[in-house]
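A look at the structure
Residues per chain, in single letters:
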Amino acid sequence: MAAKDRDRFSTATRLRLLGEQTAARVYRSQTRRQARRSRLTGRAAFLALIVCSLVVALAYPMRQYVSQRAEISDQERQAAEAAQRVEELRDEKARLQDPAYVRRLAREHLHYVMPGERGFTVNDPDAAGRPRRDDGGGARAWYSDLWEGVDHADAQR
């Protein structure tokens, strides 16, 4: 038994036992840490999955809501402009019912004169100094002007 006792207290045996105990402690702590980590990771993954699914589920309806609100405000603005234009046209219609207003428009725009009156056209003395704007339309045929007007109107659309 003396040999067994000697082996039991030898330095190599002590170091081997110490190494085994340390390895067992490290292994236990790593498995606990991994168990804790995997449990936490699973919860975090589940929470991330829930958050992502909520974001995906709510992204499209929120985008639709915002775009529809913008469209509604645009339609309301257009309706207000149309109502204002209708009011202006009603005022113009009421003015056109007045014969004096119609006579005044005829005098201003069409240069009409009442019977017994004399009409005068006054030339602007400064107009001679200004260059005339001539498109050269008189040299072209009438149908060329017509097609140019159609092309110009189509280009503005």
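Before reading on, note that the structure itself is shown above.
All chains use their own residue numbering, which begins from 1 and follows the written sequence. Where local features are concerned, this predicted model is filtered to residues with pLDDT of at least 70; where side-chain atom pairs are given and counted, the filter is 80 or more; whole-chain, interface and lining totals use all residues. Side-chain calculation: all heavy atoms of the structure are included, whereas hydrogens and water are not.

**What to know about the overall build of the protein chain**
Helix and strand content of the protein chain: four helices and zero strands. Within the protein chain, the fraction of its 157 residues that count as buried is 2%. Per-residue and other accessible areas follow the Shrake-Rupley method at a 1.4 Å probe size, with only the shown protein chains counted as cover for residues. Total accessible area on the protein chain is roughly 15,100 Å²; 58% of this is exposed by carbon and sulfur atoms. Going along the chain from the N terminus, every DSSP run of H or I of four or more residues is numbered as a helix, and every run of E of two or more is numbered as a strand. Any residue under 20% of the maximum accessible area for its type is buried, any over 50% is exposed, and the rest in between are partly exposed; the area is computed with a 1.4 Å probe on protein chains only.

**Comments concerning the pattern of salt bridges**
Think of a salt bridge as a Lys or Arg side-chain nitrogen and an Asp or Glu carboxyl oxygen that are within 4 Å of each other. Applying the stated criterion across every chain yields a total of seven salt bridges. Arginine 77 serves as the salt-bridge partner of glutamate 81, at 2.9 Å between the closest nitrogen and oxygen. Residue glutamate 81 and its partner arginine 77 are both found in helix 2 (residues 11–96); the two are separated by four residues, about one turn of the helix. When its relative accessible area of 43% is taken as the criterion, glutamate 81 is described as partly exposed. We classify arginine 77 as partly exposed; its relative accessible area is 41%. In this structure, glutamate 92 engages arginine 95 in a salt bridge whose closest nitrogen and oxygen atoms are separated by 2.4 Å. Placement of both glutamate 92 and arginine 95 in helix 2 is noted, with a separation of three residues, approximately one turn of the helix. Accessibility expressed as a relative area gives 38% for arginine 95, which makes it partly exposed. One salt-bridge network, in which partners are shared between bridges, spans Asp74, Arg77 and Glu81.

**Remarks on a nonpolar patch on the surface**
In this scheme, patches are assembled from residues that exceed 30% relative accessible area and form no salt bridge. Like charges are connected within 9 Å, while nonpolar side chains (Val, Leu, Ile, Met, Phe, Trp, Tyr) are connected within 5 Å. Judged by side-chain polarity, Phe46, Leu49, Ile50, Leu54, Leu58, Met62, Tyr65 and Val66 come together as a nonpolar surface patch covering roughly 840 Å² of accessible area. As for its position among the elements, methionine 62 is in helix 2.

**Notes on the packing of aromatic side chains**
Here the aromatic set is Phe, Tyr and Trp, taking the six-membered ring for Trp, and pairing holds for ring centres within 6.5 Å; pairs whose planes are under 30 degrees apart are stacked, those over 60 apart are edge-to-face, and all others are tilted. Tallying each qualifying case throughout the model produces one aromatic pair. Between tryptophan 142 and tyrosine 143, the ring centres sit 5.8 Å apart and the planes meet at 80°, which makes this aromatic pair edge-to-face. Take tryptophan 142: its relative accessible area is 63%, and that puts it in the exposed class. For tyrosine 143, a relative accessible area of 46% translates into the label partly exposed.

**Some points on unusual backbone geometry**
Look at histidine 111: it is not a glycine, yet its phi comes out positive at around 60°. Along the chain, the position of histidine 111 falls in the loop between helix 3 (99–110) and helix 4 (142–156).

These results come straight from atomic positions and should not be treated as a statement about function.
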